[in-house]
Amino acid sequence: MKHADGPEDTICAISTPAGEGGIGIVRISGPDTLSITSKFIQIRSGISLSTLESHRLYLADIVLPVDRQPNLSLDPPTPIDEALVVYMKAPHSYTAEDVIEIHAHGSQAVLAKISEISLRAGCRLASPGEFTKRAFLNGRLDLSQAESVLDTIKATSEQSLVVAQRHLRGDLRREVDRLRSRLLTLLAHLEAGIDFVEEDIEFVGREELKVVLSETADVVGAALNSAKTGRVLREGARVVIAGRPNVGKSSLLNRLLGDSRAIVTNTPGTTRDLIEETVRFDRCTLSLVDTAGLRETSDEVEREGIRRTEEAIGDADLLIVMIDASDVIRTASVFETNLFGKGNVLIALNKVDLLTPTQLEDLHLNLSLPDGVPVLSISTVTGEGLKTLQETIRHEIMPKNLEPSQSVMITNVRHQEILLRCRDYLAAALDSIESGMHPECVAVDLRGAADTLGEITGAITSDDVLNRIFSEFCIGK
Ligand code: GDP
């Protein structure tokens, strides 16, 4: 399938990350790939590029383009690098166009030179995500698969990779296509019935309509429910450390990060702003947020810090409420107990190095802590309990229910927003049926639901949406 205004020019870009590497790849795609690259690729065995077999590696010299040789008759071509070259003949390539990849030495000087001579030989520099966009426009990938290419590149954990790969293989597309085609069939029957409404002929019964719409709404609802887990997989979990000034929040953050990012001081109220760091424990990514101390204050700046603290607490996937175990008078006062009901909470009793075992035991007995909330005794000074704390954090935030059988996992905000609109259309259609509205009213919402689903795969989409999606990619992908 070639898009009406499909690309006619040939594009090139360095496809490997900046920096030194054993190899680096320049990718070229488009209808003139062979004629352009034949100006500067010389296959060692002497064969011409037009006779290259598809999907086979050839040893080659990359040389200055023939028309740029200073004195062709006297000088041999100036080599830029020795490289392995692979030709992927359309449509059996990533973009479904003719593609040549040049696997050269991974030096920025070499790769920049090869891309420069590709441009001089007739290529255009690819824009961000343009190779993937061409794959989409040429029907090689649907939009959800194109987006999962980006998720695969950006995957920071094994599990986010699992979901990205599922989507890349088309799991989401298949499920969306199944739902959409069911709705469209229903719509066709409903619309056929509208023409015969005078004769009282129904092509689809109210009950059947209700069943299909409810089942679709259930699947959409389940997909929406997976969005939180999906976000954790994609972006990592957000862990917030909250507590009074001086309880040891910054010290814990530093311990977890393994450096001295937050300023540790013993003057209360110095952490006025939020400090964010991303840290990886095993297979999950955590955003740690050290918060301004939770206390009443008249200081404007500090009040702003507290406002942000409360916002961060509201957004947290896990809240670590930190208590100074040595501060017996204020331990677990109303500040902390207010936080206990804020969702996924873990209580860290810090500075236990300052307590005797008996004092610690008494403290546990005297604290009125909520049931089912993990309580851990730690010391950021001696390191006591920190390993258990890390394991508990990991356990609390690891997405559950990630069996391979779970087909639809929403990890993308765009998909989530589309599904919310689809759910509204389905609810409106069900409402219309319940209240005995004219079939035409039901049909409008049914069409709306089917069309919104089509936006996920790109069956229905606008240039604006496409440009927004592909601009997130890097050049060369
Ligand atoms: P924050 O205001 O909650 O971020 O607290 P800080 O991390 O700045 O720590 C306040 C003070 O408590 C500093 O002097 C730390 O050295 C001290 N501190 C933090 N954790 C511990 C601990 O586990 N044991 C002891 N004895 N002191 C600690």
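Owing to the predicted nature of the structure, the values given are computational and were not obtained by experimental measurement.

Asks: Could you clarify how one ought to interpret the overall build of the protein in this entry?
Replies: Counting its regular elements, the protein contains 16 helices and 13 strands. In the protein, buried positions account for 48% of the 477 residues. Within the structure as shown, the protein displays about 23,000 Å² of accessible surface, and the carbon and sulfur contribution to it stands at 52%.

Asks: Sorry if this is basic, but what is going on with empty space enclosed by the protein here?
Replies: Taking a probe equal in size to a water molecule and rolling it over the atoms shows the remaining empty space. Tallied over the full model, the rule gives two cavities of 30 Å³ or more. In this structure, the largest cavity spans a volume of roughly 70 Å³. Around the largest cavity, the lining residues are Leu-172, Glu-175, Val-176, Leu-179, Val-219, Val-220, Ala-223, Val-408, Ile-410, Leu-419, Leu-453 and Ile-456. At four residues, helix 6 (residues 171-195) tops the list of elements feeding residues into the lining of the largest cavity. Among the residues making up the lining of the largest cavity, the classes are represented as eleven nonpolar, no polar and one charged.

Asks: Got a minute to help me understand helix 14 (residues 413-434) in this structure?
Replies: Look at helix 14: 32 Å from first C-alpha to last across 22 residues, which is about the 32 Å you get at 1.5 Å a residue. By the burial criterion, the buried members of helix 14 are Arg-414, His-415, Ile-418, Leu-419, Cys-422, Leu-426, Ala-429, Leu-430, Ser-432 and Ile-433. The buried residues of helix 14 occupy one face: seen down the axis, they fall within an arc of 155°. Among the exposed residues of helix 14, those oriented more than 90 degrees off its buried face are Val-413, Asp-424 and Asp-431.

Asks: Explain the pattern of salt bridges here, please?
Replies: Pairing between side chains becomes possible if they bear opposite charge and their charged atoms approach one another. With the rule as written, the count across this model stands at 21 salt bridges. A salt bridge links Arg-124 to Glu-130, with the shortest nitrogen-to-oxygen separation between them at 2.6 Å. Between Arg-421 and Glu-417 there is a salt bridge, with its nearest N and O atoms 2.8 Å apart. On the criterion of helical spacing, the pair formed by Arg-421 and Glu-417 is a turn pair, its members being four residues apart in helix 14. Given the relative accessible area of 28%, Arg-421 is considered partly exposed. Taken together, the salt bridges that share partners define one network made up of Asp-9, Glu-97, Arg-124, Glu-130 and Arg-134.

Asks: Help me understand the pairing of strand 5 (residues 79-88), please; the structure alone is not making it clear to me.
Replies: The two faces of the sheet receive side chains in turn, since in a regular strand these alternate between them. With seven bridges connecting them, strand 4 (residues 57-63) and strand 5 associate as antiparallel partners. In the strand pairing of strand 5, Leu-57 is matched with Val-86. Taken together, the five bridges between strand 5 and strand 6 (residues 99-106) define a ladder with antiparallel strand orientation. Residue pairing for strand 6: Leu-84 is matched across the bridge by His-103.

Asks: How do you make sense of a nonpolar patch on the surface when you look at a structure like this?
Replies: On the surface, Leu-57, Leu-59 and Leu-84 cluster together into a nonpolar patch covering about 240 Å² of accessible area. Judged by relative accessible area, Leu-57 falls into the partly exposed class, the value being 48%.

Asks: Before we go on, may I ask you to explain the confidence of the model for the protein in this structure?
Replies: Low pLDDT marks regions whose predicted coordinates should not be analysed in detail. When pLDDT is averaged across the protein, the result is 82; 80% of the residues are at 70 or more. In the model, residues 1-6 has pLDDT below 50 throughout and makes nine contacts with residues more than four positions away in sequence or in other chains.

Asks: Sorry, what's going on with the side chain of His-103 here?
Replies: Within the fold, His-103 resides in strand 6. Within the local environment of His-103, its side chain forms a polar contact with the side chain of Glu-101, the two groups lying 3.2 Å apart. Once residues lying within four places of it in the same chain are set aside, the contact partners of His-103 are Ile-23, Gly-24, Ile-25, Ala-83, Leu-84 and Val-86.

Asks: I'm lost on the sheet that holds strand 1 (residues 11-14) in this one. Help?
Replies: Strand pairing in a sheet relies on backbone hydrogen bonds. The paired strands run either parallel or antiparallel. Ordered in space as 3-4-5-6-2-1-7, the seven strands form an open sheet in which the pairing is mixed. Two strands in the sheet have a free side with no partner beyond their single neighbour: strand 3 (41-43) and strand 7 (124-125). In the sheet, strand 1 pairs with strand 7 via two bridges, with the strands oriented parallel. Across the sheet, Cys-12 pairs through a bridge with Leu-125, a residue of strand 7. On the sheet, helix 2 (residues 108-120) packs against strand 1, strand 2 (21-29), strand 4, strand 5, strand 6 and strand 7 and is oriented at approximately 150° with respect to strand 6. Strands in contact with helix 3 (residues 130-137) are strand 1, strand 2 and strand 7; relative to strand 1, the strand with the most contacts, it is inclined by about 135°.

Asks: Could you clarify how one ought to interpret the site of the ligand in this entry?
Replies: The local shell around the ligand holds 18 residues, among which Asn-246, Ser-250, Ser-251, Asp-353 and Thr-380 are the closest. In the environment of the ligand, an oxygen atom lies 3.2 Å from a nitrogen or oxygen atom belonging to the side chain of Ser-379. Coverage of the ligand by the protein amounts to 84% of the 580 Å² it exposes when considered alone. Here the element with the most residues in the shell around the ligand is helix 9 (residues 249-257); it accounts for three residues. Grouping the amino acids of the shell around the ligand by side-chain chemistry returns five nonpolar, nine polar and four charged.

Rules of the game
Residues numbered from 1 in each chain as written. Predicted model: local features only at pLDDT ≥ 70, side-chain atom pairs only at ≥ 80, totals over all residues. Heavy atoms only, no water. Helix = DSSP H or I, 4+ residues; strand = E, 2+ residues; numbered from the N terminus. Buried < 20%, exposed > 50% of the residue type's maximum accessible area, 1.4 Å probe, protein only. Areas by Shrake-Rupley, 256 points an atom, 1.4 Å probe, with all protein chains shown as cover. 1 Å grid on protein atoms, 1.4 Å probe; cavity = no way out; pocket = protein on both sides within 12 Å on 5 of 7 lines; lining within 4 Å. Points joined across faces, edges and corners; volume = space filled by probe spheres on them. Nonpolar A, V, L, I, M, F, W, Y, C, P; charged D, E, K, R; others polar. Expected span 1.5 Å × (residues − 1). Arc of directions from axis to C-beta. Salt bridge = Lys/Arg side-chain N within 4 Å of Asp/Glu carboxyl O. Pairing = 2+ DSSP bridges. Patch = residues over 30% accessible without salt bridge, like charges linked within 9 Å, V, L, I, M, F, W, Y side chains within 5 Å. pLDDT = per-residue confidence, 0-100. Contact = heavy atoms within 4.5 Å. Polar contact = N/O pair within 3.5 Å; in protein donor to acceptor, adjacent residues only side chain to side chain. Axes fitted to C-alpha atoms, helices over the stretch in contact; angles between N-to-C directions. Near = heavy atom within 4 Å.

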